[in-house]
Amino acid sequence: EHTNMHLFGGMIGWLLAAAVVLIPTFFVGRYAQTRPPLLTSSRAKSGFGGVLWLFLAGQIGWLLTLVWQTVYMTSELWFMLERNSQTMLAAFVAVVPGLVSICIGAWVIWQIAAKRSPNAVAFAVVGVWLMGPCAAMLQSWYFGLALTEMSLIQLFGWSIGWSLYFVLSPRVALTYGTPRGKRIAEGLEK
């Protein structure tokens with residue numbers, strides 16, 4: 001019976017976590033769908049949709065995780081600072097990359113959902129790299145901590161995968177009006 005309660009509690013936790021990510025994803029995504037694409041083509045879909053929903057859900061999940069981690073770390077550091085004010089620099093270096101990553105994450109979501117320009121795509125790609133591998137490596141280097149193989153695969157996999165998607169996707173090219181999107185809209189490229 002104890003095992004059943006543990007499984008039930010775990011499932012409730014997963015359902016709550018999914019709701020915390022999926023509810024804002026739904027509302028932000030619906031807003032993004034109200035923003036028309038810059039270009040259209042009979043050869044490819046345009047506008048917010050398809051795989052962009054996965055990107056949005058992933059970014060919102062990542063952003064919420066960063067907020068939770070940063071709030072937790074900040075509360076712990078305030079406790080440490082009360083006991084030893086010499087740890088101020090370490091506290092600053094521990095918290096600031098998280099705060100910067102939260103701002104970048106919100107900016108990336110805003111660019112993808114609300115903006116329709118080639119710059120939005122560029123900002124999203126740069127933002128994913130800054131808030132992922134760059135922030136993690138900076139913190140790892142400063143604190144002398146090794147990143148696990150799995151965390152490196154996740155950070156770089158996410159960043160490389162979405163960078164490739166934003167470069168190769170006809171939907172992205174048309175929606176945000178990239179030079180490739182113009183070629184697709186003119187029938188010069190698929």
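Bear in mind the structure is a predicted one, so any value in this text is a computation, not a measurement.

Chemist: What am I meant to see in the nonpolar core here?
Modeler: If you look at soluble globular proteins, the nonpolar side chains tend to sit buried side by side. Ranked by internal contacts, the top residues of the largest apolar core, which has 29 residues, are L52, F55, I112, F166, V172 and Y176. Those elements giving two or more residues to this core turn out to be α1 (2–34), α2 (52–83), α3 (88–114), α4 (118–143), α5 (149–168) and α6 (170–176). Setting aside its immediate chain neighbours within four residues, Y176 contacts L38, L52, Q111, I112, K115, R116, S117, P118, A120 and V121.

Chemist: Teacher, can you tell me more about the side chain of T178 here?
Modeler: With respect to the helices and strands, the residue T178 is situated in the loop between α6 and α7 (179–185). The buried category is assigned to T178, whose relative accessible area is 12%. Excluding anything up to four places from it in sequence, T178 contacts L39, P118, V121 and A173.

Chemist: Whenever I open this one, the packing of aromatic side chains confuses me. Can you help?
Modeler: Within a pair of aromatic rings, the relevant descriptors are the distance that separates the centres and the angle that separates the planes. A complete count under the given rule lists 13 aromatic pairs for this structure. Plain terms: the ring middles of W107 and F123 are 6.0 Å apart, the flat faces sit at 70° to each other, and that makes the pair edge-to-face. Here F123 lies in helix α4 and W107 lies in helix α3, a separation of 16 residues in the sequence. Judged by centre distance (6.3 Å) and plane angle (45°), the ring pair of W162 and F166 falls under tilted. Pair noted here: W162 and F166 are both in helix α5, with a separation of 4 residues, about one helical turn. Taken together, the ring pairs connect F55, W62, W158, W162, Y165 and F166 into an aromatic cluster.

Chemist: So what exactly am I meant to see when it comes to the packing of α3 against α4 here?
Modeler: Each pair of packed helices can be summarised by the angle the axes make with each other and by the distance between the axes. Their axes nearest at 9 Å, the elements α3 and α4 cross at an angle of 165°. Considered as vectors, α3 and α4 are oriented roughly antiparallel to each other. Judged by the twist between their axes, the crossing of α3 over α4 is left-handed. When its residues are assigned to classes, the contact of α3 with α4 shows 19 nonpolar, 6 polar and no charged.

How each quantity is defined
- Residues numbered from 1 in each chain as written.
- Predicted model: local features only at pLDDT ≥ 70, side-chain atom pairs only at ≥ 80, totals over all residues.
- Heavy atoms only, no water.
- Core = buried A, V, L, I, M, F, W, Y, C linked by side-chain atoms within 4.5 Å.
- Buried < 20%, exposed > 50% of the residue type's maximum accessible area, 1.4 Å probe, protein only.
- Helix = DSSP H or I, 4+ residues; strand = E, 2+ residues; numbered from the N terminus.
- Contact = heavy atoms within 4.5 Å.
- Phe/Tyr/Trp six-rings, centres within 6.5 Å; stacked < 30°, edge-to-face > 60°.
- Axes fitted to C-alpha atoms, helices over the stretch in contact; angles between N-to-C directions.
- Parallel < 35°, antiparallel > 145°, perpendicular 65-115°, else oblique.
- Left-handed = near helix turned anticlockwise from the far one by under 90°.
- Nonpolar A, V, L, I, M, F, W, Y, C, P; charged D, E, K, R; others polar.

Function-wise, these values are silent; they only describe arrangement.
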